[in-house]
Amino acid sequence: MIQALRGTRDILPEEVGYWQLIEATVREILGRAVYQEIRAPIFEQTALFERGIGEATDVVGKEMYTFKSKGGSKSITLRPEGTAGVVRAYIQNKLNAQGGVQRLWYTGPMFRYERPQAGRQRQFHQVGLELIGCSAPRADAEVIALATDILKALNLKNLELAINSVGNGSDRANYREALVNYLEPYKEDLDEDSKDRLTRNPLRILDSKDPKTQEIAQNAPKIIDSLGTESKKHFDTVLQLLTDLDIKYQIDHCLVRGLDYYTHTAFEIKSNDLGAQATVCGGGRYDGLVKELGGADTQAVGWAIGMERLVILLQKLSSSQPVNSPDLYIVSRGGAAEAQSLLLAQKLRSAGLGGELDLSGSAFGKQFKRADRSGAVACLVLGDAEAENKTANLKWLASGEQKAIAQSSLLEMTDELKAKISELKNS
RNA sequence: GCGGGCGUAGCCAAGUGGUUAAGGCAGUGGUUUGUGGUACCACCAUUCGCGGGUUCAACUCCCGUCGUCCGCCCCA
């Protein structure tokens, strides 16, 4: 049997309701804030990610699905994240020429070659947003507020917002030096990965999970102490705005993001209910990326939410997914009745009434049993007698009450039926 | 890429060297050939992820492989 590749999976009907709920919520909340959806390609030139995300990062260094285009020498990569592609689209389509800021959002699959575990797939899905063309702290706060709005609208609990500032380029260079100076004497006590990172990417040593490394990192100089006046002011303002918005946060001095493009504000929203893959939303400011990718000097801020992780939380914490039960269940038996039931079902549907047609042709008793299981509140019953008279029995399943109605008049009373059905469904 | 746990039907599972592979849910048929939600009856794995090996005998032990889960790593 051919099976789905490792790290990919099917999202089955029993789960898809959660996905639709998340998508609808995102669409509504971001729509209200006048963010517009953008759909960028799933594969791009490899150079986009190398330059955008940074060649030293793990994502680019060892996790990308990269291949040569057919017959060509161009190197192509399945997108491992969404921001680089959106920024590329922003530059290429000269969205800056429209003036002001661009508020964009996207959703879709991303690809990283990783060892799968719960909440971590090789093909995974994100919804993300980018606010491009604004350097003000208010932009950072808006974006964070929208993320918390979405999560709140989904009734998710036990979430924590962690925030930090990684400053601008020169702040980071200063901090990097201070950090390396501090860590150098402890070099032998660091875990293997961290030793390696000391020269390659020292900031990432801060969020190592090795206990000894953590202990050493505990007393390391803090990045906010290396921030210049402007950077510090930006960060303080963002924090003040969050307080004004009544959004709770925790400053995490060890929070540094894994992608090179981040500047200033960096944040993560984590859940206690997800094990090791705790981050549901991650983002921050990326003031240098647009220029790095060939655009004008343009500041921006954004985030991405991991869909699979949200779905896990919804399944774990909230009740059942929204179900789609039919308005009517249509029972029929006998040649003429079965033929008429199909026509009737089609006509009712075009009149706006949902119906599930029982195709089995089995005994009435069996069909009623299925009607109960389907969650329908009412049945239409067609047998030989009804077929002959062009009627159908409308039966209310809860009370058992039923009466014969001409098929033609059924079509005229769809509004009335709909009202009664939705009343019964909600009771 | 590293370390570890697990893999019996659509789902939840019992069985842990001896041959008919429990049970429950779901499903199908019937009691009830035109009226359901209950009840009862019957059916529903020639086979235990897959491939090798050990053994008189393997779901059970060994090796490999695939998948999944947990941790590291990474990150959403």
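Notes on the structure in this doc start here.

Rules and cut-offs
Residues numbered from 1 in each chain as written. Chains lettered and ligands numbered in written order. Predicted model: local features only at pLDDT ≥ 70, side-chain atom pairs only at ≥ 80, totals over all residues. Heavy atoms only, no water. Helix = DSSP H or I, 4+ residues; strand = E, 2+ residues; numbered from the N terminus. Phe/Tyr/Trp six-rings, centres within 6.5 Å; stacked < 30°, edge-to-face > 60°. Buried < 20%, exposed > 50% of the residue type's maximum accessible area, 1.4 Å probe, protein only. Lys NZ or Arg CZ within 6 Å of the ring centre and 35° of its normal. Lys, Arg positive; Asp, Glu negative; His and termini not counted. Salt bridge = Lys/Arg side-chain N within 4 Å of Asp/Glu carboxyl O. Contact = heavy atoms within 4.5 Å. Pairing = 2+ DSSP bridges. Axes fitted to C-alpha atoms, helices over the stretch in contact; angles between N-to-C directions.

**Let's talk about the environment of threonine 46**
Assignment of secondary structure puts threonine 46 in helix α2 (residues 46-53). With 28 residues separating them in the primary sequence, threonine 46 and lysine 74 have C-alpha atoms 8.4 Å apart.

**Some points on the packing of aromatic side chains**
If you walk through the whole model with that rule in mind, you get four aromatic pairs. For the pair tyrosine 65 and tyrosine 113, a centre-to-centre distance of 5.7 Å together with 70° between the ring planes defines the contact as edge-to-face. Here tyrosine 65 is found in the loop between α3 (58-62) and β3 (66-68), whereas its partner tyrosine 113 is found in the loop between β5 (102-111) and β6 (123-132), with 48 residues between them in sequence. Classification of tyrosine 65 as partly exposed rests on a relative accessible area of 25%. Seen from their ring centres, tyrosine 182 and tyrosine 186 are 5.3 Å apart, and the 45° between their planes marks the pair as tilted. By the ring-pair criterion, three or more aromatic residues cluster together here, those being Tyr261, Tyr262 and Tyr286. Lying over the aromatic face of phenylalanine 368, lysine 395 brings its terminal NZ or CZ to 4.7 Å of the ring centre. The cationic tip of lysine 420 hangs over the ring face of tryptophan 396; the distance from NZ or CZ to the ring centre is 4.4 Å.

**With respect to the side chain of glutamate 63**
Inspection of the secondary structure assignment puts glutamate 63 in the loop between α3 and β3. Within the buried set, glutamate 63 has no salt-bridge partner at all; the shortest N-O distance to an opposite charge, 4.8 Å, is to arginine 112. Contact partners of glutamate 63, with chain neighbours within four places excluded, come to Asp58, Phe111, Arg112, Tyr113 and Glu114.

**A few points about the sheet that holds strand β1 (residues 36-37)**
Strand order across the open sheet formed by eight strands is β1-β5-β6-β11-β10-β9-β7-β8, with mixed pairing between neighbours. Among the strands making up the open sheet, the edge pair consists of β1 and β8 (250-251). Summarising the sheet, β1 and β5 pair through two bridges and their orientation is parallel. When the sheet's bridge partners are listed, glutamine 36 is paired in β5 with leucine 104. Relative to strand β11 (residues 300-306), helix α5 (residues 137-153) is tilted by about 15°, and along the sheet it contacts β5, β6, β7 (159-165), β9 (263-271), β10 (279-285) and β11.

**Notes on unusual backbone geometry**
Both trends apply: most residues other than glycine have a negative phi, and most peptide bonds are in trans. The backbone phi angle of lysine 94 is positive, close to 50°, even though this residue is not glycine. Its location among the elements puts lysine 94 in the loop between α4 (83-92) and β5. Given the relative accessible area of 56%, lysine 94 is considered exposed. Backbone geometry at asparagine 158 places phi at a positive 60°, although glycine is not the residue there. Position of asparagine 158 among the secondary structure elements: in the loop between α5 and β7.

The values reported here are purely geometric and, on their own, carry no functional implication.
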